[in-house]
Amino acid sequence: MKQGYQEGRGIQLPFAMPEANSTAANTPLPPSGEAAPANPCLPENLGKAVRLPVPDFSDPERKPSCLEVDFPIVQINALSDLEGNAGKPIYQMSKWFARRRSSVFRAMLIAAATEAPDDPAEAAKFVWEHYYCNHQKAGSFKKLRVLDCFMGGGVTLVEGSRLGMQMIGVDLNPVAWLVVKNELAGSDPEQVKTLFAAMEKRVKPQLQPFYATTCPRGHQGRWIDESTGEEAQLDPIDLSPENRAPYRWEGPEIIYTFWAKHGPCQAKGCGHRTPLFKSPVIAEKSLSTQYIEMICPHCGTAFHADLGETRMAPGTERVVLDGEPRFTELSQPIAQLFKDYDKGNADDRLKRIDALQSVLDDEPGLLCSECGGFAGESLLNQVRHHAKPSVSAASRKKKDFGIKKKSVQMYLLIHPDWLKGASGFDGNQELGGWAGAPADSTAKWYKRRLENLRFVEVRGDSLPEEIRLDDGSILNTKRGTVPRKAHFACASCGREGNTLESVKPTGHTAPAMAYTLQCHCPQCEAEGYTYNGRYFKTPEAYDAARWDKAEKNGKAAQWVTCWIIGQGSHVGTHIELLNGA
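Residues numbered from 1 in each chain as written. Predicted model: local features only at pLDDT ≥ 70, side-chain atom pairs only at ≥ 80, totals over all residues. Heavy atoms only, no water.

S.K.: Quick question: what am I supposed to make of the pairing of strand S8 (residues 272–275) here?
M.R.: The side-chain alternation of S8 yields two buried faces, one formed by His-272 and Thr-274 and the other by Arg-273 and Pro-275. The sheet contact formed by strand S7 (residues 253–264) and S8 spans 3 bridges and is antiparallel. From the neighbouring strand, Pro-264 faces S8, where its bridge partner is Arg-273. Here S8 pairs with strand S14 (residues 422–423) via 2 bridges, running antiparallel. Across the sheet, residue Arg-273 finds its bridge partner in S14, namely Ala-422. (Buried < 20%, exposed > 50% of the residue type's maximum accessible area, 1.4 Å probe, protein only. Helix = DSSP H or I, 4+ residues; strand = E, 2+ residues; numbered from the N terminus. Pairing = 2+ DSSP bridges.)

S.K.: What is the right way to read the packing of helix H2 (residues 73–83) against helix H4 (residues 102–113) from this model?
M.R.: Two measures define how a pair of helices packs: the angle their axes make with one another and the distance between the axes. Where H2 contacts H4, the two axes come as close as 8 Å, and the packing angle between them is 150 degrees. Here H2 lies roughly antiparallel to H4, going by the angle between them. On H4, the residues that touch Ile-76, Leu-79, Ser-80 and Glu-83 of H2 are Ser-102, Ser-103, Val-104 and Ala-107. Considered class by class, the residues forming the contact of H2 with H4 number 4 nonpolar, 3 polar and 1 charged. (Axes fitted to C-alpha atoms, helices over the stretch in contact; angles between N-to-C directions. Parallel < 35°, antiparallel > 145°, perpendicular 65-115°, else oblique. Contact = heavy atoms within 4.5 Å. Nonpolar A, V, L, I, M, F, W, Y, C, P; charged D, E, K, R; others polar.)

S.K.: How should the packing of aromatic side chains be read in this particular structure?
M.R.: Geometry of an aromatic ring pair is reported as the spacing of the ring centres plus the angle between the planes. Applying the stated criterion across every chain, the model contains 15 aromatic pairs. Plain terms: the ring middles of Phe-277 and Trp-418 are 6.2 Å apart, the flat faces sit at 85 degrees to each other, and that makes the pair edge-to-face. Of the two residues, Phe-277 sits in the loop between S8 and strand S9 (281–295) while Trp-418 sits in helix H13 (residues 416–419), which places them 141 residues apart along the sequence. Each member of the pair, Phe-277 as well as Trp-418, is classed as buried. Ring geometry for Tyr-446 against Trp-547: centres 5.1 Å apart, planes inclined by 80 degrees, an arrangement best described as edge-to-face. Residue Tyr-446 is located in helix H14 (residues 439–450), and its partner Trp-547 is located in helix H17 (residues 541–552); the two are separated by 101 residues in the primary sequence. (Phe/Tyr/Trp six-rings, centres within 6.5 Å; stacked < 30°, edge-to-face > 60°.)

S.K.: Where do I start with the pattern of salt bridges in this structure?
M.R.: Opposite charge on two side chains permits pairing when their charged atoms draw close. Under the criterion given, the structure shown has 29 salt bridges. We note a salt bridge from Glu-430 to Arg-273, for which the minimum N-O separation is 3.5 Å. Linking Glu-430 in strand S16 (residues 429–430) with Arg-273 in strand S8, this pair joins segments that are 157 residues apart in sequence. Three or more residues joined by partner-sharing salt bridges are found here, namely Arg-222, Glu-226, Arg-248 and Glu-250. (Salt bridge = Lys/Arg side-chain N within 4 Å of Asp/Glu carboxyl O.)

S.K.: Whenever I open this one, a nonpolar patch on the surface confuses me. Can you help?
M.R.: Together, Ile-255, Tyr-256 and Phe-258 make up a nonpolar patch on the protein surface, roughly 260 Å² of accessible area in all. Note that Phe-258 resides in strand S7. (Patch = residues over 30% accessible without salt bridge, like charges linked within 9 Å, V, L, I, M, F, W, Y side chains within 5 Å. Areas by Shrake-Rupley, 256 points an atom, 1.4 Å probe, with all protein chains shown as cover.)

S.K.: What is the right way to look at helix H8 (residues 174–184) in this model?
M.R.: Residues three or four positions apart in an α-helix share a direction because the helix packs 3.6 residues into each turn. Among the residues making up H8, those that are buried are Ala-176, Trp-177, Val-179, Val-180, Asn-182, Glu-183 and Leu-184. Measuring from the backbone nitrogen of Val-175 back to the side-chain oxygen at the start of H8 gives 2.8 Å, which picks out Asn-173 as the cap. (Polar contact = N/O pair within 3.5 Å; in protein donor to acceptor, adjacent residues only side chain to side chain.)

S.K.: Explanation requested: the nonpolar core in the structure shown.
M.R.: A general tendency of soluble globular proteins is for nonpolar side chains to be buried together. Grouped together as the largest cluster of nonpolar side chains are 31 residues, with contacts concentrated most on Cys-66, Phe-141 and Met-165. If one sorts the elements of this core by residue count, H4 sits on top with 5 residues. Beyond its immediate chain neighbours, meaning those up to four positions away, Cys-66 contacts Ala-111, Thr-114, Glu-115, Ala-116, Pro-117, Ala-123, Phe-126 and Val-127. Formed by 25 residues, the second largest nonpolar core is a distinct cluster that contains Ala-313, Leu-453, Tyr-531 and Trp-547. (Core = buried A, V, L, I, M, F, W, Y, C linked by side-chain atoms within 4.5 Å.)

S.K.: What should I look at first to understand the sheet that holds strand S5 (residues 230–231) in this one?
M.R.: By way of backbone hydrogen bonds, the strands of a sheet pair with one another, either parallel or antiparallel. Strand order across the open sheet formed by 3 strands is S5-S4-S6, with antiparallel pairing between neighbours. Strand pairing shows two members of the sheet lacking a second neighbour, S5 and strand S6 (247–250), which therefore form its edges. Pairing analysis gives 4 bridges linking strand S4 (residues 222–225) to S6, with the strands arranged antiparallel. Opposite Arg-222, over in S6, you have Glu-250 as the bridge partner.

Printed below as a string of structure tokens:
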């Protein structure tokens, strides 16, 4: 019998289970190895191989199954709401438009395959009590064959196979067949790793130049020539795709690119393009940071000395809301010395202590946020105490500095000047930015939209309706350019128009512009910056030049995409290319 067959788009999975011991119903099989200690918080039968009574479905006079009598719907509903399918890799292999909850189907299969107790009132309880058993080990259902003639995404087949049943699935949809076949196909992990490695080796050098970027903290990336191991004095993006193979990028990389569609105004003589935003808020995040409580000896002001800067978008304008605790930020090297203070051996600790003694009295982050006086004398005295030879290595503890943790709520907003949009014409020539537009006109559009593109980062628990910026202007955090659904207000002439009806006369798709990049810098991560080396930034001329290259290299990029689909689709590989190239 084959494990999978394509005729009729069917899948059949036999399971050769070992013969079960002749134990009475509901009697646990002997455990293998030492039993785990009982935990009152865990289900009573968790992981136990409990044999359940199975009806003889060939007998018309058989006893009813639990599903025909009752079902623990309250418990399963609660479990389904809590669990979903999140975190289960088998259901993440491929998206499915109607993915059902695995916990519901597992419970239904158990209930349908288990003989109901004599007391009908006990049926639902019996199913729930045995939901978490190791049914495959018990072998209760190994002789049952289950047909799902509309298998779809395969939840029934997956959960049935986990219970030890022999599952058969059929579907007219070839996508469903492909998805379920790969969900249940046996695979060799090493073979999969080898396949991924081969794909990465061939494809990554061709794509990586389009994802190289800059770091707002000044960390510089570099290209390495794999053949020599030395830094390359060229940018592989200038080479043809087949000649990029020897080069590897070490430095900041783009993780995500966020694009904003623009509504083209159709008012006579206008031609303005307005970005479509319901509000200027583009991201919000709660970041965890460490701090030391400080009291200024000069003016008595209490403030937090944060261990390093807590930023979503380093280098951008920052607004600290009223009510946020006063704070300063220690420079990153000193912050990291405190974070790693008692790590390593005694010599490692002494090196950090010596380093702190030499720099603490000049640290700007220890100056009072109110009067500017030095407030770090107590920290410096503690470090000096730890430096004494009479103090043992075990007594040099980080906790002596009273370091604590807190969550910092942050919001990232687009500056209102950028929301005003820009003209979609250069004289009488329409600019690009839409699918299929000439690369040169698109490059001009990108250059124009880079003007006034900047962020505002807000630190505080609750975002108010209005924020005053450094230049004195007021930013409304609730108002965007979309007054109502499917409409936008032209930022130039004020005319409100239907988005679809405004785009249709142009004869092409709505123009777009990348307004945000989420990136990762390995050096930022290595130096211990908050947010694990990730950050948001506005695109720069460096990034726009790479978009221009992506436009002009579209055919080569499409070839790469075709290779991935043709060679690696069965492992669910997806490569995103900038601007659909």
